[in-house]
Amino acid sequence: MEPLLLPVLIPGVTGLLALALPGRLRRLQQALGLLGTLGALVAAAALLDVRAAFFREWLRLGPLNLDFALRADGFSSWAVAFVGLMGFLVVLYSVGWFRAAERERGPYYPCLLLATAGAAGAVLADNLLLLVLFWELVSLTLFLLAATGRASGAPAAAKAFVIVGCGDMALLLAVVLCGVLHADAGLERPLAASTLAAHPIGTGDGLGMLVFLLFLAAAAAKAGAIPLHSWIPTLARETQPPVMAFLPGALDKVLGIYLMARVSLEWLSPSHALRFVTMLIGSVTILAAVFMAMQQHDLRRLLAFHAVSQVGYMLLGIGTGSLVGVMGGIFHMLNNAIYKACLFLCAGVVEREAGTMELDRLGGLHRNLPVTFGCMLVAALSISGVPPLNGFVSKWMVYQGCVVAGQPMFLIVALFGSVLTLASFVKVLHSVFWGARPRALAAVNERGLALRVPLLVLAALCVVFGVFATVPLDQAIGPAVGLEPPATGAGSVVLEGRLAAWAAAPAERAAPAASFAVFQPLSATALLALGVLVGLLLAYFGRMKVRTVRSVFIGGEPIDPEVNRFPGTEFYRTVGELPGLGRVLAQGEKGTFDLYQVLERLPLLRRLHTGWLTDYLFWCFLGLTVLLGVFFWT
Amino acid sequence: MMYLLALLLLFIGLYGLLVKRSLVKKILGLLIVEHAVNLFLILVGYRSDGLPPILLPGEDAGEFVRASVDPLPQALVLTSIVIGLGLVMLMVALSLRIHERHGTLDCSKLNRLKG
Amino acid sequence: MDVTIYGLLVFLIAGAIVALEVRDLLSSVIAIGVVGLGLSILFLLLGAPDIAITQVVVEVIVVTVLIRATARISDEPASRRTDRFAVASGLIVAVVLFFLSAGALVHLPAFGQPAMTVSRWYLEQGPALTGATNVVMAILLDFRAYDTLGEATVILTAIVGALAIVRGAERPVDARATDAGMSLVVRAVTRWLLGLILIFGLAVALFGHLTPGGGFAGGVVLACGFVLATLAFGARSPPASIFGRLSSRVDAAGALAFLLIALLGWCGGHFFQRWLDLGRPFRLESATFIVLQNVAILFKVTGGAFAGFLALAVFRSGPAPEEGERS
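Per-chain numbering applies: the sequence of each chain, read as written, is numbered from 1 onward. Just so you know, chain letters begin at A and ligand numbers begin at 1, following the order they were written in. Totals for whole chains, interfaces and linings use all residues, but because this is a predicted model, local features are given only for residues with pLDDT of at least 70 and pairs of side-chain atoms are given and counted only at 80 or more. Excluded from the side-chain calculation are hydrogens and water; included are all heavy atoms of the structure.

1. Focus on the overall build of chain A
In step 1: Numbering of helices and strands runs from the N terminus; a helix is a DSSP stretch of H or I covering at least four residues, while a strand is a stretch of E covering at least two. Within chain A, the regular secondary structure consists of 26 helices and six strands.
In step 2: Throughout, radius of gyration means the C-alpha value; the globule benchmark is 2.2 Å times the number of residues raised to the power 0.38. Against the compact-globule benchmark of 26 Å for 634 residues, chain A has a radius of gyration of 25 Å, which places it among compact chains.
In step 3: Each of the three principal axes of chain A carries a C-alpha extent, and together these read 95 × 65 × 55 Å.
In step 4: Looking at chain A alone, contacts between residues at least 24 apart form 78% of all its contacts between residues at least 6 apart.
In step 5: Computed with the Shrake-Rupley method and a 1.4 Å probe, the accessible areas treat only the protein chains shown as cover for residues. As displayed, chain A offers around 25,700 Å² of accessible surface, 70% of which is attributable to carbon and sulfur atoms.
In step 6: Asp and Glu count as negative and Lys and Arg as positive, but His and the ends of the chain are not part of the count. The atoms used to mark charge sites are NZ of Lys, CZ of Arg, CG of Asp and CD of Glu. Treating the 43 positive side-chain charges of chain A as one cloud and the 35 negative ones as another, the clouds have centres 9 Å apart. Only heavy atoms enter the contact rule, under which two residues are in contact if any of them lie within 4.5 Å.

2. Looking at the overall build of chain B
In step 1: Scanning chain B from terminus to terminus reveals four helices and zero strands.
In step 2: The helix and strand sequence of chain B, counted from the amino end, reads α-α-α-α.
In step 3: Relative to the compact-globule value of 13 Å for 115 residues, chain B shows a C-alpha radius of gyration of 20 Å, a clear excess of over 25%.
In step 4: When the backbone C-alpha atoms are referred to their principal axes, chain B occupies close to 65 × 30 × 20 Å.
In step 5: Taking all 115 residues of chain B together, the buried fraction comes to 65%.
In step 6: For chain B, contacts bridging at least 24 residues in sequence account for 52% of all contacts bridging at least 6.
In step 7: Total accessible area computed for chain B in this model is approximately 4,100 Å², and 65% of it derives from carbon and sulfur atoms.
In step 8: Treating the 11 positive side-chain charges of chain B as one cloud and the 8 negative ones as another, the clouds have centres 25 Å apart. For every residue, the accessible area (1.4 Å probe, protein chains only) is compared with the maximum for its type, and the residue is labelled buried under 20%, exposed over 50%, or partly exposed between those bounds.

3. Considerations on the interface of chain B and chain C
In step 1: Counting residues at the interface gives 74 residues for chain B, matched by 107 residues for chain C.
In step 2: Once two parts are brought into contact, the accessible area they lose, counted with a 1.4 Å probe and summed over both, makes up the buried area. For the chain B and chain C pair, buried surface summed over both sides reaches about 8,000 Å², with 79% attributable to carbon and sulfur atoms.
In step 3: When the buried surface of chain B facing chain C is broken down by residue, M2, Y46 and M89 of chain B rank first, second and third, together holding 9% of it.
In step 4: In what follows, salt bridge is the name for a side-chain nitrogen of Lys or Arg lying within 4 Å of a carboxyl oxygen of Asp or Glu. The interface formed by chain B and chain C includes one salt bridge.
In step 5: In the analysis that follows, any N or O atom pair within 3.5 Å is treated as a polar contact, provided that within protein one partner can donate a hydrogen and the other can accept it, and provided that, for residues neighboring in sequence, both atoms belong to side chains. Inspection of the chain B/chain C interface yields twelve residue pairs in polar contact (both at pLDDT 80 or more).
In step 6: Listed by contribution, the elements that provide at least two residues to the side of chain B that touches chain C are α1 (2–19), α2 (23–44), α3 (61–67) and α4 (71–102) of chain B.
In step 7: For the side of chain B that touches chain C, the element with the most residues is α4 of chain B, which contributes 24 residues.
In step 8: Partitioned by chemical class, the residues of the side of chain B that touches chain C number 53 nonpolar, 13 polar and eight charged. When residue character is reported, Ala, Val, Leu, Ile, Met, Phe, Trp, Tyr, Cys and Pro are called nonpolar, Asp, Glu, Lys and Arg charged, and the others, Gly included, polar.

4. Overview of the domain arrangement of chain A
In step 1: Source of the domain bounds: an automatic or database domain assignment. Here chain A is described as being made up of domain 1 (271–483 + 514–539) and domain 2 (602–634).
In step 2: A separation of 47 Å is found between the C-alpha centroids of domain 1 of chain A and domain 2 of chain A.

5. Description of α1 of chain B
In step 1: The span expected for a helix works out to 1.5 Å for each residue beyond the first. The first and last C-alpha atoms of α1 of chain B sit 26 Å apart over 18 residues, in line with the 26 Å expected at 1.5 Å per residue.
In step 2: Of all 18 residues in α1 of chain B, 16 are buried, a share of seventy percent or more.

6. Structural notes on the interface of chain C and chain A
In step 1: In this assembly, eight residues from chain C lie in contact with ten residues from chain A.
In step 2: With both sides pooled, the region where chain C packs onto chain A buries about 740 Å², and carbon together with sulfur makes up 87% of that total.
In step 3: Per-residue buried area on chain C facing chain A is highest for V93, L97 and L100 of chain C; these three make up 66% of the total on that side.
In step 4: There are zero salt bridges connecting chain C and chain A.
In step 5: Scanning the region where chain C abuts chain A turns up zero residue pairs in polar contact (both at pLDDT 80 or more).
In step 6: A per-class count over the side of chain C that touches chain A returns four nonpolar, three polar and one charged.

7. Some words on the side chain of N127 of chain A
All names here are of chain A.
In step 1: Tracing the chain through its elements places N127 in the loop between α4 (108–124) and α5 (128–149).
In step 2: Polar contacts involving the side chain of N127 include one to the main-chain amide nitrogen of L129, which spans 2.9 Å.
In step 3: Filtering out sequence-adjacent residues up to four positions away, N127 remains in contact with N65, L66, D67, A69, L191 and A192.

8. Topic: the pattern of salt bridges
Think of it this way: side chains of opposite charge can pair up when their charged atoms draw near.
All names here are of chain A.
In step 1: Applying the stated criterion across every chain yields a total of 14 salt bridges over all chains.
In step 2: Ionic pairing is found between D298 and R300, a salt bridge with its closest N-O pair at 3.9 Å. Here the two residues D298 and R300 agree in accessibility, since each one is buried.
In step 3: The partner of E353 in a salt bridge is R352, and the shortest N-O contact between them spans 3.1 Å. Like E353, the residue R352 is buried in the burial classification.
In step 4: Each of E57, D67 and R189 takes part in salt bridges that share partners, so that together they form one network.

9. Thoughts on the packing of α5 of chain A against helix α8 (residues 206–223) of chain A
Residue and element names in this part refer to chain A.
In step 1: Here α5 crosses α8 at 25°, and the two axes come no closer than 13 Å. Judged by the angle between their axes, α5 and α8 are roughly parallel. Crossing handedness for the pair α5 and α8: left-handed. Taking contact as the criterion, the partners of L128, W135, V138 and S139 in α5 are, on α8, F215, A218 and K222. To obtain an axis, a line is fitted to C-alpha atoms, over the contacting stretch when the element is a helix, and the angle between two such axes runs from 0 to 180 degrees between their N-to-C directions. The cut-offs work like this: below 35 degrees is roughly parallel, past 145 is roughly antiparallel, 65 to 115 is roughly perpendicular, and the gaps in between are oblique. Should the near helix be turned anticlockwise from the far one by less than a right angle, the crossing is termed left-handed; should it be turned clockwise, right-handed.

Encoded structure:
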């Protein structure tokens, strides 16, 4: 068996098998889910060092070819390993999360498996049409999971499907345009990724620019960048946390940013203006989403806005076009998948045990949910960019990318966004884990190993990818930008700045390599650890009291702590009360900037959308008439 | 001219499909379209004064090839007709379900999807 | 000859217009039946007896199903107010499309002189290579058996879809009317006819490679016989109820058998490889491979069509009514 096929085939086949099983056999479905994703993970891990390609001719559609072609270079094999890991952890978590009261509905495990297969296939695909097919599979499973998840999930699922579907249409259009451009140039196999990489399309003319923008739209819709982000917060309320962690939290980001990286590094050579557009979208996404996140009082929605906000960093990094920025952007994609999945899964534990996601009604759970608290703390610090965690490393590289690209404005935005993220997570941590505990939550405790293991693995990965950041940077991100990974025993490429390959790249993407300074994670961690140690020693010897508990009285009567609780939702109310910004944010909450809602309310569209079968049929035939007319007269 | 008439039949069916409100009428329209397409294919394969493409005992092979009508469209249309039967059943099943659920087969009343 | 064809074409067009424009649903279903029967005569004139047989029988089943289905809902008052915009736009689209597609007709060979590039080869080699003297069958089940497999899949899917949609629906208790069957005269005639119909269907299918017919036509004929039995003797009479219970299984078994025949071809090299001898021409055993496939298709079509008919036209309402109620 071809090893390249396995990461796609194993989850795909088990997914189809599970689909054929009756829903009653829940345990069997779970077992199949675990087996399938574990198989995918192992198969993908075996690919990590493989540089291979698999090719089988499939269809020729006119000049375009749809071949079953897969390829593993360092980048795609790492991405596949990630997909497999996420799949396995999420399935494991789901086995623990669902219970009799709220059990998996619909084809839950088959969908997870098929999504894993689709994402693995899309990342490995060496043919753009094949990529579109796998990409669609992921969109479809997202819809199915959302639509069958909760009873009220249908409108949110439809919204997600429409927005992501529009992105997919843009992707298909871009792919076909790419193929036609290459076929016109007389190239054999115009849709093979290697052909595209060998002949990147210039974006000087209108057509090239259009192709880039279409790719950008597809990636933005999938990953959830403003203005195509609005399905993520809507979906967050209506799907179960594992689904959120899996698709919008991890896989969709991986796919979208993977595509964007391939597009702007290999398949096209974007001009400065287009890079600027990408960076602009990225920075707007960072700021707007993080402001929205600060105002939320539902944990799921808050996390969803952060999931949007982090996409901004990736786009910003890739948009800089400088080596360090691009690597940072791609690295941020992997890191984001780790900590964002961890955050969503932690929130899932809170929801499962405490029964609510309203920050007002939570609090003081750090003793009840110690593992969850620890993991959420690590992930929250990581998303906020606190060293030595992984989020810091990649953000740091994105910042440098902004400096190298000479865009101080974007640097400031990125820094500011990071600060606001930290502020927002201080609120989350306070409202969920610190502060006074509502009496109703006294009996809350953690149950089940299946829930905790994924959290621990993800939190550990946050630390590992932060402290040993050079490993993924050399092995996974380096190949993506054309750097060969170092031979065993040699030093890190990234650290030593051996950037000959990069300097040989086209002038437009070349950046001054001299102004390149990489964070030295190991030594910095040592310093930080030393600092913490000193602090602990001081605290210990100085007999500092970390925590003081005093009863409060008014007129000799003890006050009910329930009344006296100070929930974290009040933290940033002042931001919402600022004269200009506050109004904008209030409008944002109402959905004024939600492209989908705006279109939904458009009178013309409402009138055209009559709901009559006949009218839709009429439009179809009108389209056919126009097409025939065009063929007739040309 | 023959072809034109077959085409006309097709567009009568299409008209019914587009304009009629009753789902049963729409099914009938689709049936007419299907009939027209089958007819058209057979018309294209017809040879003037042709014989069925079935070799009879004692018939000369060369004469058979010269006199026979085109068998290929027939082979395709044969299955198409039976598929048509399956499709009608599917559509009737859907209409029955719709009638049961909404109490009507009038398309203009089935507008729950209205934006 | 041409005049007859023209006449029939005009008749079909008139019938189609009547079917669409008559207000009463029952009348329009009958009109569509007339169109279908006219069409089958036209097929016969055009040298396509295989299709003529199939068309006649399919039309009978279609009309039966449509009448049974619309009988209950035709009392619904059709909305009087015709939407002028819809009619106008539909007409415009239809007319424009008509003229656009009429432009393509110029490129077709003239009527009566088919191009027949591939078909000539089929006609020359078909009987010798496949053993089937009915070249249509030779194409359907040998040269282009892949297509047929795909088409059989479509039929299976459509029927399964129809059954799945109707299953579990709450039917109004109309079973008694069907259970009772029809009058004595009809029953007596049916008793005589049924055997003939079944034998005819079997013969059409078995001799499909020599004479007009084949598995598709024979299958629909058999299904038609069972439909007749069901309507005449009632849904609970032995022939109807026994075969009714088996029908969807027969459908699936036929489809699987067809697939199995195709798969066995792998023993000889590839999918749909012929794995039986040709035999002597003009005998039943001359193209045994095609006969086998015809039988598989016969099962498939019979089961599918009858299962669909039962589900759509015989209204079962949950549990069977008590014996005492039926008096």
